[in-house]
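Geometric and topological summary
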Amino acid sequence: MKNYSKYIITALLLIISMVNWKCSDSFLESYPVNDLSAGTFFKNETDFQKAVNGIYDAVQDYQTDFHFFPVVDAATPYAQGGGSRFGYWDNGLITINTGWRVAEAYWPTYYTTIFRANEVLKHIDDESANMAQSVRNRLKGEALFLRAFSYFYIANFWGDAPLITTVQNFDEVLVSRDPRSQIIDQVEADLTEAANLLPSVTTYRGIESLLGRASKGAAQSLLGKVYVFEERWDEAEQILKKVIDSGDYQLSDSFIDMFWPTGENGPESIFEIQYSDDSREGSQFTRYCAPNSASGIHEKGYNYINPNERFVDLYETKQGFSVNSAFLSREVNGPSFKYNFNYTSDDPTFDPENPFNNRDPRLTWTVFYEGTPYIQEFEARTGQTGIKYIPGYSNNTNHNTVKYIVGKLDKTASDSPQNYIVLRYADVLLLYAEVMIQKNQLTEAVKYINMIRQRSSVNMPPISSMLTKSELTEEYRKERFRELAFEYGHIYLDMRRWDILAEETVSYWTANKNGGTNPALTTFDKNYYWWPIPENERTKNPNLTQNPGY
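Keep in mind the model is a prediction, meaning the values are calculated, not measured.

For the protein chain, the helix and strand inventory stands at 20 helices and eight strands. For the protein chain, whose C-alpha radius of gyration is 23 Å, the value lies close to the compact-globule estimate of 24 Å for 550 residues. Overall, the protein chain is about 75 × 45 × 45 Å in size when its C-alpha atoms are taken along their principal axes. Out of the 550 residues in the protein chain, the part that is buried amounts to 61%. For the protein chain, the exposed surface amounts to about 20,000 Å²; the carbon and sulfur share of it is 47%. Seen as two clouds, the 52 positive and the 71 negative side-chain charges of the protein chain have centres 2 Å apart.

Turning our eyes to something else, we now look at the confidence of the model for the protein chain. On average, residues of the protein chain carry a pLDDT of 91, and 93% of them reach 70 or more. In this model residues 3-36 is a low-confidence stretch, pLDDT under 50, and it forms 67 contacts with partners more than four residues away in sequence or in other chains.

Take the packing of helix H15 (residues 425-438) against helix H16 (residues 442-453) next. Running from amino to carboxyl end, H15 crosses H16 at an angle of 160°, the nearest separation of the two axes being 8 Å. Comparing the axis directions of H15 and H16 gives the class roughly antiparallel. As for the relative orientation of H15 and H16, their crossing is left-handed in sense. Between H15 and H16, the residues in contact are Ala 426, Leu 429, Leu 430, Tyr 432, Ala 433, Met 436 and Ile 437 and Leu 442, Glu 444, Ala 445, Tyr 448, Ile 449, Met 451 and Ile 452, respectively.

It is worth spelling out the pattern of salt bridges at this point. Close approach of charged atoms allows side chains with opposite charge to pair. The final tally for this structure, using the stated rule, is 38 salt bridges. A salt bridge links Asp 57 to Arg 116, with the shortest nitrogen-to-oxygen separation between them at 3.9 Å. Highlighted residues: Asp 57 in helix H4 (residues 45-60) and Arg 116 in helix H6 (residues 101-123), separated in sequence by 59 residues. With respect to class, Asp 57 is no different from Arg 116; both count as buried. Sharing partners across several salt bridges, the network here consists of Glu 268, Glu 316, Asp 360, Arg 362, Lys 403, Arg 424, Arg 453, Arg 455, Glu 479, Arg 482, Glu 483 and Glu 487.

With that settled, consider the nonpolar core. Phe 86, Tyr 106 and Phe 145 are the most contacted members of the largest nonpolar core, which totals 168 residues. Among the elements that line this core, the one with the most residues is helix H7 (residues 133-157), at 14 residues. Apart from residues lying up to four places away in sequence, Phe 86 is in contact with Val 71, Val 72, Ala 74, Ala 75, Gly 81, Trp 100, Val 102, Tyr 106 and Trp 531.

In this model H15 runs 20 Å from its N-terminal to its C-terminal C-alpha over 14 residues, within 8% of the 20 Å that 1.5 Å per residue would give. When you tally the buried positions in H15, you get 13 out of 14 residues, the bulk of the element. Looking one or two residues past H15, Asn 440 carries a phi angle of roughly 60°, positive in sign.

For the rest of this paragraph, the subject is the pairing of strand S2 (residues 269-273). Burial of S2 is extensive: five of the five residues sit out of reach of the surface. As judged from the four bridges shared by S2 and strand S8 (residues 420-424), these two strands associate in the antiparallel manner. Within S8, the position partnered with Ile 273 by the bridge is Tyr 420.

This part is about H6. When the terminal C-alpha atoms of H6 are compared, their 34 Å separation across 23 residues agrees well with the 33 Å that a helix rising 1.5 Å per residue should span. For H6, the buried fraction is high: 20 of the 23 residues fall into the buried class.

For Asp 360, the position within the fold is in the loop between strand S5 (336-345) and helix H13 (361-364). Reaching out from Asp 360, the side chain makes a polar contact with the side chain of Arg 362 at a distance of 2.8 Å. Look past the residues within four positions of Asp 360 in its chain and what remains in contact with it is Tyr 315, Glu 316, Thr 317, Lys 318, Val 458, Met 460 and Arg 482.

By the definition in use, this model includes 69 aromatic pairs. Each ring, one from Phe 69 and one from Tyr 488, has its centre 3.9 Å from the other, and the planes form 10°; the classification is stacked. Placement of the pair is Phe 69 in the loop between H4 and strand S1 (79-80) and Tyr 488 in the loop between helix H17 (469-484) and helix H18 (490-497), with a sequence separation of 419 residues. When its relative accessible area of 0% is taken as the criterion, Phe 69 is described as buried. When its relative accessible area of 1% is taken as the criterion, Tyr 488 is described as buried. Between the aromatic rings of Phe 311 and Tyr 315, the centroid separation amounts to 5.3 Å while the plane-to-plane angle is 80°, which identifies the pairing as edge-to-face. For the residue pair Phe 311 and Tyr 315, the accessibility class agrees, reading buried in each case. Here the basic side chain of Arg 85 rests over the ring of Tyr 288, its NZ or CZ set 5.7 Å away from the ring centre. Just above the ring of Tyr 508 sits the side chain of Lys 513; from NZ or CZ to the centre is 4.2 Å.

Criteria and thresholds
- Residues numbered from 1 in each chain as written.
- Predicted model: local features only at pLDDT ≥ 70, side-chain atom pairs only at ≥ 80, totals over all residues.
- Heavy atoms only, no water.
- Helix = DSSP H or I, 4+ residues; strand = E, 2+ residues; numbered from the N terminus.
- Rg over C-alpha atoms; globule rule 2.2 N^0.38 Å.
- Buried < 20%, exposed > 50% of the residue type's maximum accessible area, 1.4 Å probe, protein only.
- Areas by Shrake-Rupley, 256 points an atom, 1.4 Å probe, with all protein chains shown as cover.
- Lys, Arg positive; Asp, Glu negative; His and termini not counted.
- Charge placed at Lys NZ, Arg CZ, Asp CG, Glu CD.
- pLDDT = per-residue confidence, 0-100.
- Contact = heavy atoms within 4.5 Å.
- Axes fitted to C-alpha atoms, helices over the stretch in contact; angles between N-to-C directions.
- Parallel < 35°, antiparallel > 145°, perpendicular 65-115°, else oblique.
- Left-handed = near helix turned anticlockwise from the far one by under 90°.
- Salt bridge = Lys/Arg side-chain N within 4 Å of Asp/Glu carboxyl O.
- Core = buried A, V, L, I, M, F, W, Y, C linked by side-chain atoms within 4.5 Å.
- Expected span 1.5 Å × (residues − 1).
- Pairing = 2+ DSSP bridges.
- Polar contact = N/O pair within 3.5 Å; in protein donor to acceptor, adjacent residues only side chain to side chain.
- Phe/Tyr/Trp six-rings, centres within 6.5 Å; stacked < 30°, edge-to-face > 60°.
- Lys NZ or Arg CZ within 6 Å of the ring centre and 35° of its normal.

And the structure:
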């Protein structure tokens, strides 16, 4: 299941190109009659399987900045960096515009996925297509899931957007934007139908050709996330509890294993974007997000996402005490700077000279820091030697990310084989806890949060069941950040939906932050909660209006 695209025949690629949103002007000058070509292709199970593989291939997208998706969390006050991708959110200035390369990559990737799904869905119910009904159901469910997946992120990045659910004719391509509410309605309908069609993930496990495909649990989990994002708490409770009660998933015995190729598609995994180290089938996350190449972790190491001390402070001591850092000074350290902090904690065993010792184990598995014992584990997993880490290997802070950084396992020193985890069981448990908080079932919420904290590989003290709703909400949010940081945009999307991104970004970017020369960020225009419609798309389609503020 790793190499989606190698199964796509040339004929299908020609069909897909006819409805590709990334079309050029020359495409508009010579629009072919795509339905005839598609009609001659979709005849049997093999044809549809290749077509569905083509949808997954679009989501994988190794050709654009889309495969830097985990870097989205750099657009928060918990990390910096991102180069020309998310560096626009740094240094007290937010300067994204209608030519922002991230928006220009994500928009066409999602619509390519949607158009490929629409092509499959147009033909999947044809009685002339020769395949078993169980296979037809599964492939249809996968197409519906992937279309819903794309529209979920479109709705939460851009708001109003074109809602396209059919294969378009030439005179139908210049569409206008539809209300976000209609998009969410379609996502709900697609995921509801997909959940009814798709099998349990347990039928996939152990079958290489099926592993990694969308399952019933994936559709239900994403639908539960949709309901949480839309604050539809009763519906969220019902669907998330189905996932929990299914018994199909369990928390991984090893937190860090999930972010190495040997642990992909494991018992905690609900949906992953599949990559491999075959040419043009990997992501470039390791190459671009690893620490500076002097660390020995990777030949490149462009430092695209650097967690900061504000984020590191979220990780308590093993006894459950908070840790606080206060900036002292900045000094030249190797190729960059070292930022010196004064660390304090009420934990009587806390050593401010060794502030990262005896902390929540997830800190070591999420952030590179000076003296990290993870170096030894990294060397054992990769077979590499001579690995080291100093704060100067980070361009913007003292730290780099750990998740998805798998060293030189990529054969070409470019394409990483590591999957991206979009949905996992811990996320579902935490979303369910959020629902319980909102419904004032605080004891139940504490139970599910503590399931995350007290899994065998983490084993942190339980949070108290005596917290008020406000206190528990604050602890819950920290727990989501500690657990899900830098995986698939969870911090960024959560802060936006809770409407705390603006306030916390302003509070973080004080003048001359950590010895820098930045101005103070005094306001955050919430228009930036919505991304700009790419100007190149509006040039091709004048019916697309722009979001406010751009």
